[in-house]
Amino acid sequence: MQLVATIADTRKLTQQARRDGRCIGFVPTMGALHEGHASLIRAARRDTDFVVVSIFVNPTQFGPNEDYQRYPRTPEADWALCRQEGVDLVFNPSVEEMYPAGFCTWVEVTGLQDVLCGRSRPGHFRGVATVVLKLFNIVQPDIAYFGQKDAQQARIIRQLVRDLNLPVEIRVCPIVRAADGLALSSRNAYLTPQERHRATVLYRALQTAQKLVSQGERDALLVRQRLVELISATPGATLDYAEIVDPETLRPVTQITQPVLAALAVRIGSTRLIDNMILTPPDAEHQMDGTDQSDMEGGRDS
Ligand code: AMP
């Protein structure tokens, strides 16, 4: 495995791989790697011949009062995980390498960037879209892997690829959860044992919503209300948002007649956690099963 900090060296190695006829798979991350990231790396390993992982805590996607400084950084453990998973190249740049003095170009995916997480994190998706486009230009992957855990991010990246004609296929992999249902996240490291226990409410609430919908409930406001109630009833949990949206437009729906995205952001103590689930009404089950969207997402953009 090669560990590289510069754009020039990354370019050299990926260009060589391409000349050798290898298909390049790419997994962008902010490090503090866990099984969720490992699942993306394994998908890339399975589908492609040269796997690149970037590890970069991107300052431009954090707001001024967010956790950029505090974000967990575990470089040695990350490199060990990458080595173990058979990654070919880890790109681990500095902030100066990615944002040299004078940097002033930004990418905005209007509309999609302003709803859900974009509402409480202004500028977040501008930072995400900009860094992902930069990384795509540096690595020039054939296929890039994202997690459904960050459903809005995945949707925005697909739009970016479509709108700017980027020559990359996007594959979205299912959410990896702990045994009790909590979606794995680097930010789970912030939780105290008591908060960690309370954090399971996100998944429990989503499961309740799924149950209502599979029993035939079509009123999105009622399902949303149930999510709100379950979060509000949990001590130490503060709701940022609970929304039932169209998975394509990310706009709220009123009737659940097609698969919808139930998306949650909840503060547990001072830690902001997100989770989501595709809710499929009984008569639309053939459209999407809600557990593995990699084929759906990959198929759309391939
Ligand atoms: P991050 O390091 O948090 O920016 O995440 C890097 C990539 O890993 C993103 O595409 C995330 O959606 C994905 N990811 C993070 N957590 C999970 C998870 N629990 N399951 C699946 N993918 C995940």
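Note that this is a predicted model, so its numbers are computed, not measured.

**A word on the site of the ligand**
Turning to step 1, where the next piece is worked out: With respect to spatial proximity, 17 residues lie near the ligand, and among them Met30, His37, Asp150, Val176 and Leu184 are the closest.
Turning to step 2, where the next piece is worked out: A distance of 2.9 Å is found between an oxygen atom of the ligand and a backbone nitrogen or oxygen belonging to Gly147.
Turning to step 3, where the next piece is worked out: A total of 480 Å² of accessible area belongs to the ligand in isolation, and the protein chains cover 93% of it.
Turning to step 4, where the next piece is worked out: For the shell around the ligand, the elements supplying multiple residues, two or more each, are β2 (24–29), α2 (35–47) and β5 (143–147).
Turning to step 5, where the next piece is worked out: The dominant element in the shell around the ligand, judged by the number of residues it contributes, is α2, at three residues.
Turning to step 6, where the next piece is worked out: Grouping the amino acids of the shell around the ligand by side-chain chemistry returns nine nonpolar, six polar and two charged.

**Quick notes on the confidence of the model for the protein**
Turning to step 1, where the next piece is worked out: For the protein, mean pLDDT is 95; residues scoring 70 or higher make up 95% of the total.
Turning to step 2, where the next piece is worked out: The model gives residues 289–302 a pLDDT under 50, and that stretch makes 23 contacts with residues more than four places away or in other chains.

**A look at the nonpolar core**
Turning to step 1, where the next piece is worked out: Counting 48 residues, the largest nonpolar core has Met98, Phe136, Ile157 and Ile170 as its most contacted members.
Turning to step 2, where the next piece is worked out: In terms of residue count, the dominant contributor to this core is helix α6 (residues 124–139) (ten residues).
Turning to step 3, where the next piece is worked out: Counting the residues that make up this core, at least three belong to each of domain 1 (2–173) and domain 2 (186–291).
Turning to step 4, where the next piece is worked out: Once you skip the residues sitting within four places of it in the chain, Phe136 turns out to touch Phe26, Pro141, Ala144, Phe146, Ile157, Val161, Leu166, Val168 and Ile170.

**Regarding the packing of helix α1 (residues 7–19) against α6**
For any two helices packed against each other, one specifies the crossing angle of their axes together with the interaxial distance.
Turning to step 1, where the next piece is worked out: The geometry of α1 relative to α6 is characterised by a closest axis approach of 8 Å and an angle of 55° between their N-to-C directions. Looking at the two axes, α1 sits oblique to α6. Between α1 and α6, the residues in contact are Ile7, Thr10, Arg11, Thr14 and Arg18 and Asn137, Ile138 and Val139, respectively.
Turning to step 2, where the next piece is worked out: Split by residue class, the contact of α1 with α6 holds three nonpolar, three polar and two charged.

Definitions and cut-offs
Residues numbered from 1 in each chain as written. Predicted model: local features only at pLDDT ≥ 70, side-chain atom pairs only at ≥ 80, totals over all residues. Heavy atoms only, no water. Near = heavy atom within 4 Å. Polar contact = N/O pair within 3.5 Å; in protein donor to acceptor, adjacent residues only side chain to side chain. Areas by Shrake-Rupley, 256 points an atom, 1.4 Å probe, with all protein chains shown as cover. Helix = DSSP H or I, 4+ residues; strand = E, 2+ residues; numbered from the N terminus. Nonpolar A, V, L, I, M, F, W, Y, C, P; charged D, E, K, R; others polar. pLDDT = per-residue confidence, 0-100. Contact = heavy atoms within 4.5 Å. Core = buried A, V, L, I, M, F, W, Y, C linked by side-chain atoms within 4.5 Å. Buried < 20%, exposed > 50% of the residue type's maximum accessible area, 1.4 Å probe, protein only. Domains from an automatic or database assignment. Axes fitted to C-alpha atoms, helices over the stretch in contact; angles between N-to-C directions. Parallel < 35°, antiparallel > 145°, perpendicular 65-115°, else oblique.

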